[in-house]
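Analysis of the macromolecular model
Each chain is listed here by its residues.
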Amino acid sequence: EPEVTQTPSHQVTQMGQEVILRCVPISNHLYFYWYRQILGQKVEFLVSFYNNEISEKSEIFDDQFSVERPDGSNFTLKIRSTKLEDSAMYFCASTLTGANTGELFFGEGSRLTVL
Amino acid sequence: SQQGEEDPQALSIQEGENATMNCSYKTSINNLQWYRQNSGRGLVHLILIRSNEREKHSGRLRVTLDTSKKSSSLLITASRAADTASYFCATVNTGNQFYFGTGTSLTVIP
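One structure accompanies this document, and this report is about it. No experiment lies behind these values; they were computed from the predicted model shown. (Residues numbered from 1 in each chain as written. Chains lettered and ligands numbered in written order. Predicted model: local features only at pLDDT ≥ 70, side-chain atom pairs only at ≥ 80, totals over all residues. Heavy atoms only, no water.)

Things to note about the overall build of chain B
- A count of helical and extended segments in chain B gives zero helices and eleven strands.
- Counted from the first residue to the last, chain B has its helices and strands arranged as β-β-β-β-β-β-β-β-β-β-β.
- Its C-alpha atoms give chain B a radius of gyration of 13 Å, within 12% of the compact-globule value 13 Å for 110 residues.
- For chain B, the spread of C-alpha atoms along the principal axes amounts to about 40 × 25 × 20 Å.
- Relative to its full complement of 110 residues, chain B shows a buried share of 47%.
- Only carbon and sulfur atoms are counted for the fraction: they give 46% of the accessible area of chain B, which is about 5000 Å².
- Of note, chain B has its 11 positive side-chain charges centred 6 Å away from the centre of its 9 negative side-chain charges. (Helix = DSSP H or I, 4+ residues; strand = E, 2+ residues; numbered from the N terminus. Rg over C-alpha atoms; globule rule 2.2 N^0.38 Å. Buried < 20%, exposed > 50% of the residue type's maximum accessible area, 1.4 Å probe, protein only. Areas by Shrake-Rupley, 256 points an atom, 1.4 Å probe, with all protein chains shown as cover. Lys, Arg positive; Asp, Glu negative; His and termini not counted. Charge placed at Lys NZ, Arg CZ, Asp CG, Glu CD.)

Description of the pattern of salt bridges
- According to the stated counting rule, one finds six salt bridges over all chains in the structure shown.
- A salt bridge links E44(A) to R36(A); its shortest N-O distance comes to 3.0 Å. (Salt bridge = Lys/Arg side-chain N within 4 Å of Asp/Glu carboxyl O.)

What to know about the interface of chain B and chain A
- In this assembly, 25 residues from chain B lie in contact with 25 residues from chain A.
- With both sides pooled, the region where chain B packs onto chain A buries about 1900 Å², and carbon together with sulfur makes up 47% of that total.
- At the junction of chain B and chain A, the tally comes to one salt bridge.
- A salt bridge links R41(B) to E108(A); its shortest N-O distance comes to 2.7 Å.
- At the surface where chain B touches chain A, the tally comes to seven residue pairs in polar contact (both at pLDDT 80 or more).
- Looking at the side of chain B that touches chain A, the elements with two or more residues in it are β4 (31-37), β5 (43-50), β9 (85-92) and β10 (98-100) of chain B.
- In the side of chain B that touches chain A, the residues fall into eight nonpolar, 15 polar and two charged. (Contact = heavy atoms within 4.5 Å. Buried area = accessible area lost by both parts, 1.4 Å probe. Polar contact = N/O pair within 3.5 Å; in protein donor to acceptor, adjacent residues only side chain to side chain. Nonpolar A, V, L, I, M, F, W, Y, C, P; charged D, E, K, R; others polar.)

See below:
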C-alpha cells in the first residue's frame, strides 16, 4: 500500500541551526501539507502546497519556515534558525483530490528536538 | 480559530463499552473527518461525513453531524483495548484546508 515517508525520524539540533525535514508523498497525490504537534497536544496546520506553490499558511509559518518540492517527489520543510519552541513532531501529509473530497494520508512524523 | 474542539479531552472505559466523542467547530464546512492517532505515530483517516449528510457508519464507527449546531460525534461501539488512541476531528472549509481539533484521548481497559 502506498505511504507517505518522512526522514529523519528524529533530529536533535542546537538552537539557531538550520533544519530540513524531508517527505516523500504518495506518488500521484497533488496536495501536500505540513502539520506540527507539540508533545501530546493539538495538531497544528503549518502550510499547504499545490501546483508548486503555497496555497495557504498559518501564523506559525513565519519567515523562518520555507517549503520546497525540488524534484517532483520530495517535499521539504526548512526551518532556517531553530528556536527552542520549534521542538515538536512534524507531520507531512498528502491527498489526491484535495480536502473537499479526499482524506489525508500522514507520514509517521519527524521528531525535532531543539537544545 | 478554525480548529474544532473535541470533548471530552480524555475518556477511559471498559472493554466492550461504547465510547462517544464530540467535536464542535465554528466556521462553515465542506466536510468533517475523523482521524485516529496511536501514541507517537501519524494520524490515520477513519471516516468522512459531508455537510449534507447527517449520519454515517463504518464497521463499529458511527459518525453524526449537526451543521445547525456545528457539532459532530464519533461513536465507537463494543470497544476493544486496541481502540486505545487519540481521536481527532478535522474540519474542511471551502478553502480546501484541513483543520484539526484538540483531540480526545481514549483508553480502553481490558
